[in-house]
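# Inside the fold
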Amino acid sequence: MQSPKYTARAHTNIALIKYWGKLDQDLIIPMNSSLSLTLDKFYTDTSVFFDSTLKQDIFRLNNKESSSLKVTHFMKVLREKTGETRFAMINSENHVPSAAGLASSASAFAALALAASRAAGLVLDSRSLSRLARRGSGSATRSIYGGFVEWQQGSDDATSYAVPFEENVAWNLSMIAVVISAKQKKISSSVGMQRVVATSPYYSAWRKTAAQDLAAMKKAIKKRDFRQVGTIAEENAMKMHALNASAHPHFSYFEPASLQVMKIVADLRSNGIFCYYTLDAGPNVKIICQNKDIQTILAALAPSFSQERLVVAGPGPGVKLIDKP
Ligand code: DP6
């Protein structure tokens, strides 16, 4: 017996105030609240149906059978929550322009949460969906919504979820993703943040300043103070990467080309082009800029990075069903 098949689309998001550390590993309760921008260019389409003849979940990614411990774990959680007993057929497609490397667990688990809960017969409101996506990957908590999204850390499963901060962003800003490497990261976010929490002497300072950064960021977005938004985001990202540099053993996601982009951005800024960078658990750099400056910034990057390594993205929408029975 097969369940109906549902297909959901979720966009990835880039944090302006980062989530970096878990209070609870299994429930994925973060150590600090975070805030992100959902992007239009990078998304995942996932279809799910349950089938009583399956002996295990089958997960296909970009038309290739794959195995993912995170997906297996998430489906176990989903079955516990929904009472569904069958295994599932899961088909995911990452839509990432050109050089790739920007597909993320955020869009993956937001899409899977919606498609799988519906296939299991459950219609969840956005908050419950956000809590469910959180069980797959922390950053997925925020991809339920479009635009600027805050993940309120909470203290347990019921209180840790995302809320929209500004869903329809009427602001001419973009993120230019500079793809430096499409390779799998050597130290996953989970492992990286766990090590940092356990060993960085600066972790308590991070928690304190992340809360301050978040409050200042929300004010700056409300005031439409672009320079302030960019400055806070860049500094917050660098504080996160400083935790990695101060962990034991220390590690870094930066590649030489990441530093090169950071320098190009700093040089542009000293020439009056206000743009800012942020990096996650990998070497790719995302440049936050105003639309009027996109061409100038692309021209400054062009001598060092080919066109297919530069992807301009704008604010994107929240998760939705794109196909249902
Ligand atoms: C640096 O959501 O990938 O991108 O919860 O362990 O799956 P898990 O981690 P993940 O971590 C994202 C970390 C980050 C910052 C952020 O997106 O807030």
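Preceding this section is the structure that the text describes.
### Observations concerning the pattern of salt bridges
Enumeration according to the criterion identifies 16 salt bridges in this entry. With a shortest N-O distance of 2.9 Å, K239 and D213 are connected by a salt bridge. One end of the pair, K239, is in helix α6 (residues 226-245); the other, D213, is in helix α5 (residues 203-223), with 26 residues separating them in the sequence. A relative accessible area of 29% places K239 in the partly exposed class. The buried category is assigned to D213, whose relative accessible area is 10%. Through salt bridges with shared partners, one network takes in K81, R131, R134 and D157.

### Regarding helix α7 (residues 256-270)
For α7, built from 15 residues, the straight-helix expectation of 21 Å at 1.5 Å per residue is met to within 8% by its first-to-last C-alpha distance of 21 Å. Against β10 (173-178), α6, β11 (276-279), β12 (285-290) and α8 (294-301) lie the buried residues of α7. One or two steps after α7, the chain reaches G272, where phi turns positive at roughly 85°.

### Quick word on the site of the ligand
Contacts to the ligand come from 18 residues, most closely from Y19, K70, S137, G138 and S190. Between the ligand and G138, the relevant distance is 2.7 Å, taken from an oxygen atom to a main-chain nitrogen or oxygen of the residue. If the ligand stood free it would expose 460 Å²; the protein chains cover 95% of that surface. At three residues, helix α4 (residues 189-199) tops the list of elements feeding residues into the shell around the ligand.

### Quick notes on the sheet that holds strand β13 (residues 310-313)
By definition, the strands of a sheet pair up through backbone hydrogen bonds, in either a parallel or an antiparallel sense. Spatial ordering of the open sheet is given by β11-β12-β10-β13, a layout of four strands whose pairing is antiparallel. A single partner strand is all that each edge strand has here, and the edge strands are β11 and β13. This sheet shows a mean twist of 25° between the axes of neighbouring strands, independent of strand direction. Pairing analysis gives six bridges linking β10 to β12, with the strands arranged antiparallel. Following the sheet pairing, I176 is matched in β12 by I287.

### A closer look at unusual backbone geometry
H248 connects to P249 through a cis peptide bond whose omega is -5°. Topologically, P249 is positioned in the loop between α6 and α7. Phi angles above zero are rare outside glycine, and N62 is one such case at about 50°. In this fold, N62 is placed in the loop between β5 (58-61) and β6 (64-66).

### What to know about α4
For α4, every residue scored as buried is listed here: G192, M193 and V196. Down the axis of α4, the sector holding all buried residues measures 90°, keeping them to one side. Taken together, the buried residues of α4 touch β2 (22-24), α5 and α6.

### So, the packing of aromatic side chains
One pair of aromatic rings is described through two measures. These are the centre distance and the angle between the planes. In the structure shown here, the tally under the stated rule is seven aromatic pairs. Between W20 and Y253, the ring centres sit 6.2 Å apart and the planes meet at 80°, which makes this aromatic pair edge-to-face. Of this pair, W20 sits in the loop between β1 (6-17) and β2 while Y253 is found in the loop between α6 and α7, placing the two residues 233 residues apart along the sequence. Of the two residues, W20 and Y253, neither departs from the other in class, the shared state being buried. Relative to F226, the ring of W171 lies with its centre 6.4 Å away and its plane at 85°, an arrangement referred to as edge-to-face. One end of the pair, W171, is in the loop between β9 (161-166) and β10; the other, F226, is in helix α6, and 55 residues separate them in sequence. Owing to a relative accessible area of 5%, F226 belongs among the buried residues under this scheme. Here the aromatic cluster, defined as three or more aromatic residues joined through ring pairs, consists of F148, W171, F226 and Y276. Directly above the aromatic system of F274 lies the positively charged group of R227, at a separation of 3.7 Å from the ring centroid.

Rules and cut-offs
- Residues numbered from 1 in each chain as written.
- Predicted model: local features only at pLDDT ≥ 70, side-chain atom pairs only at ≥ 80, totals over all residues.
- Heavy atoms only, no water.
- Salt bridge = Lys/Arg side-chain N within 4 Å of Asp/Glu carboxyl O.
- Helix = DSSP H or I, 4+ residues; strand = E, 2+ residues; numbered from the N terminus.
- Buried < 20%, exposed > 50% of the residue type's maximum accessible area, 1.4 Å probe, protein only.
- Expected span 1.5 Å × (residues − 1).
- Contact = heavy atoms within 4.5 Å.
- Near = heavy atom within 4 Å.
- Polar contact = N/O pair within 3.5 Å; in protein donor to acceptor, adjacent residues only side chain to side chain.
- Areas by Shrake-Rupley, 256 points an atom, 1.4 Å probe, with all protein chains shown as cover.
- Pairing = 2+ DSSP bridges.
- Axes fitted to C-alpha atoms, helices over the stretch in contact; angles between N-to-C directions.
- Arc of directions from axis to C-beta.
- Phe/Tyr/Trp six-rings, centres within 6.5 Å; stacked < 30°, edge-to-face > 60°.
- Lys NZ or Arg CZ within 6 Å of the ring centre and 35° of its normal.

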